[in-house]
Amino acid sequence: MQYLTAGESHGPELTTIVSDVPAGIPVDITNINTDLRRRQGGYGRGDRQKIERDQAVVTSGVRFGRTTGAPVSITVQNRDWENWHERMAHFGRPPADLHREVTPRPGHADLVGVLRTNQDDCRNILERSSARETAARVAAAGIAKEFLAELGVEVYSYVTSVGDVALPEGYALEGDAAEVQMGIEMSALRCPDADTTERMKAAIDAARDAGESLGGTFCVVATGVVAGLGSHVAGPERLTSQLGAALFSIPAIKGVEFGLGFQAAALPGSRVHDGIVLDGSTFTRTSNNAGGLEGGMTTGMPVVVRAAMKPIPTLMNPLQTVNLDTLEVEEASRERSDVCAVPAAAVVAEGEVAFVLANAYQRAFGSTSLADIKANIASYTHRLDTMGR
Ligand SMILES: Cc1cc2nc3c(=O)[nH]c(=O)nc-3n(C[C@H](O)[C@H](O)[C@H](O)COP(=O)(O)O)c2cc1C
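What comes next is a walk through the structure. Bear in mind the structure is a predicted one, so any value in this text is a computation, not a measurement.

Looking at the overall build of the chain
In terms of helices and strands, the chain carries 10 helices and 17 strands. Relative to a compact globule of 389 residues, whose C-alpha radius of gyration would be 21 Å, the chain shows 22 Å and is just as compact. For the chain, the C-alpha atoms occupy an extent of roughly 75 × 50 × 40 Å along the three principal directions. Going through the 389 residues of the chain one by one, you find that 48% of them count as buried. Here the contacts in the chain between residues at least 6 apart in sequence split such that 71% fall between residues at least 24 apart.

Okay, here's the thing in structure tokens:
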């Protein structure tokens, strides 16, 4: 399963095509739209989210609610296009009063993009580098998530820090899965702890008042994943490298760690590696410090990945830049912008993780028919479940 996206932030719509989709996957459009709404949410988002009401429109590859095996194409309309169609016209001459963006924002793709492509308007770069594109990714990932749900795999995420406000040291999610996820979705920051949520909101308010922005960290968890996905035989086939690349493909993600992650580097081996035990006739682990990944393959424990997002580059109290026309020092441009988008990035990351896992399942168990894939998984898990006899 692969996806491609197209579309500009202020163009008419975003488009995605998901190819190599097995036939027979039930697709519920409300699930995709729920994820689109989750991506739009979170305390600290900018005014753009008040304009947009993201809705997926499936235009191919699904018939009577099930994938046919043909590429699935999905569009998401940009309501803001109405305010931009002259400035973003695909054809004709630019309007006489067109404002060119010539004061590139540090931390964004603006400067390097115009240098690389030999253009004189940062808008030609920022329209595509804008994280608005991640709405199309979330729509595409809906197909991967529906596939995984059929295989008993669930992917969820939560925010672990915003700026310097973090969940308490050693915080552990408690309660049954549905309760935990309800708590996360009820929080304005998709953070499972109510007190930490309030402190995160206060930090965002202070940043907004100071013309500042904030980043943070989040965790993505995938449960119900079978052991042995990925491969130990070649670097690019290691699931760890695929998950890392997928998470680093999200704008502003600057760090990724699995399980204990960077903490493991400071600990002795005996406190890091997960003991192997038999649960009945199934091999399992005494802990999950590896985050469900060993030797580039899933262990059968939940996959636990954390990522760090840098602060939003657009600042209402802007940093210094250089005007591309005059070469004078000026303030960087201000676009309507989020102050913090960590909860949204976490939703995008769920989709990226889902895509990698969906691919790994297809590679291991087939790609053409959901029913055949399920049958192959059943025989594989039967073998694993009886190995310890
Ligand atoms: C969900 C999400 C929303 C974002 N919203 C904004 C925003 O409103 N303003 C902004 O300047 N950057 C925003 N960003 C961050 C930029 O897209 C990102 O910093 C920029 O593309 C450069 O990142 P890079 O250096 O990792 O490529 C957002 C990122 C994500 C994932």
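Considering helix H5 (residues 134–150)
Its 17 residues place the ends of H5 24 Å apart at the C-alpha level, agreeing with the 24 Å of an ideal helix rising 1.5 Å per residue. Helix geometry: H5 is bent most strongly at Gly142, by close to 25°. For H5, the tally of buried residues reaches 15 of 17 residues, placing the bulk of the element in the interior. Gly152 occupies a position one or two residues after H5 and carries a positive phi of about 85°.

A few points about helix H3 (residues 110–117)
Those residues of H3 lying buried are Asp110, Gly113 and Val114. Projected down its long axis, H3 shows its buried positions confined to an angular sector of 95°, all on one face. Exposed and oriented more than 90 degrees from the buried face of H3 are Val112, Leu115 and Arg116. In the core, the buried residues of H3 are packed alongside helix H4 (123–129). At the exit of H3 stands Asn118, carrying a positive phi of roughly 60°.

Let's talk about the site of the ligand
Taken together, 19 residues sit near the ligand, with Ala252, Lys254, Lys310, Thr314 and Asp338 positioned nearest. A distance of 2.8 Å separates a nitrogen atom of the ligand from a polar side-chain atom of Ser337. Computed on the free molecule, the ligand has an accessible area of 630 Å², of which 84% lies beneath the protein chains in the complex. Each residue belonging to the shell around the ligand can be placed in one class, and the counts come to 10 nonpolar, 5 polar and 4 charged.

Observations concerning the pairing of strand E11 (residues 276–279)
One face of the sheet, then the other: side chains in a regular strand alternate in exactly this way. When E11 meets strand E12 (residues 282–285), the two strands line up antiparallel, connected through 4 bridges. Residue pairing for E12: Asp279 is matched across the bridge by Thr282. Here E11 folds back onto E12 in antiparallel fashion, the turn holding 2 residues, of which Gly280 has a positive phi close to 65°.

Side note on the sheet that holds strand E8 (residues 165–166)
An order of E8-E7-E9-E15-E10 is seen for the 5 strands of this open sheet, with the pairing classed as antiparallel. On the outer flanks of this sheet lie E8 and strand E10 (253–258), each paired with one strand and no other. As paired elements, E10 and strand E15 (residues 303–309) share 5 bridges and run antiparallel to each other. Paired with Val256 across the two strands is Ala307, which belongs to E15.

Quick word on the environment of Leu229
When you line up the elements, Leu229 lands in the loop between strand E9 (216–223) and helix H8 (239–248). Beyond its immediate chain neighbours, meaning those up to four positions away, Leu229 contacts Leu239, Gly296, Met297, Thr298, Ala360, Tyr361, Ala364 and Phe365.

Quick notes on the sheet that holds strand E3 (residues 56–60)
Spatially, 4 strands are ordered E1-E2-E6-E3 in an open sheet, and the strand pairing comes out antiparallel. Strands at the two margins of the open sheet, each flanked by one partner only, are strand E1 (2–6) and E3. Here the average twist between neighbouring strands, direction ignored, is 20°. Bridge analysis of E1 against strand E2 (residues 13–19) gives 5 bridges, and the strand direction is antiparallel. Looking across to E2, one finds that Leu4 is bridged to Ile17. In the packing of helix H1 (residues 29–40) onto the sheet, the strands contacted are E3 and strand E6 (72–77), and the crossing angle to E3 comes to about 135°.

Topic: the pattern of salt bridges
All told, the structure shown has 28 salt bridges when counted by the stated rule. In this structure, Asp338 and Arg45 form a salt bridge, with 3.2 Å as the shortest nitrogen-oxygen distance. Highlighted residues: Asp338 in the loop between strand E17 (329–331) and helix H9 (342–365) and Arg45 in the loop between H1 and helix H2 (48–51), separated in sequence by 293 residues. Across the pair Glu133 and Arg137 runs a salt bridge, and its minimum N-O distance is 2.9 Å. Since its relative accessible area comes to 10%, Arg137 is described here as buried. Here the salt bridges do not stand alone but share partners, grouping Asp35, Arg38, Lys145, Glu185, Arg190 and Glu350 into one network.

Quick word on the side chain of Thr196
Mapped onto the elements of the fold, Thr196 is located in helix H7 (residues 194–209). Excluding anything up to four places from it in sequence, Thr196 contacts Val165, Ala166, Leu167, Pro168 and Cys191.

Quick look at the state of the cysteines
One pass over the structure, following the stated rule, counts 0 disulfides. With no disulfide of its own, Cys191 lies closest to Cys340 among cysteine sulfurs, the gap being 11 Å.

Some details on the pairing of E2
Residues Leu14, Thr16 and Val18 line the buried face of E2, whereas the alternating positions Glu13, Thr15, Ile17 and Ser19 sit on a face that is not buried. In sequence, E1 turns back onto E2 through a hairpin of 6 residues, with Gly7 there showing a positive phi of about 125°.

Calculation criteria
Residues numbered from 1 in each chain as written. Predicted model: local features only at pLDDT ≥ 70, side-chain atom pairs only at ≥ 80, totals over all residues. Heavy atoms only, no water. Helix = DSSP H or I, 4+ residues; strand = E, 2+ residues; numbered from the N terminus. Rg over C-alpha atoms; globule rule 2.2 N^0.38 Å. Buried < 20%, exposed > 50% of the residue type's maximum accessible area, 1.4 Å probe, protein only. Contact = heavy atoms within 4.5 Å. Expected span 1.5 Å × (residues − 1). Bend = angle between axes of the 7 residues up to and from the residue. Arc of directions from axis to C-beta. Near = heavy atom within 4 Å. Polar contact = N/O pair within 3.5 Å; in protein donor to acceptor, adjacent residues only side chain to side chain. Areas by Shrake-Rupley, 256 points an atom, 1.4 Å probe, with all protein chains shown as cover. Nonpolar A, V, L, I, M, F, W, Y, C, P; charged D, E, K, R; others polar. Pairing = 2+ DSSP bridges. Axes fitted to C-alpha atoms, helices over the stretch in contact; angles between N-to-C directions. Salt bridge = Lys/Arg side-chain N within 4 Å of Asp/Glu carboxyl O. Disulfide = S-S within 2.5 Å.

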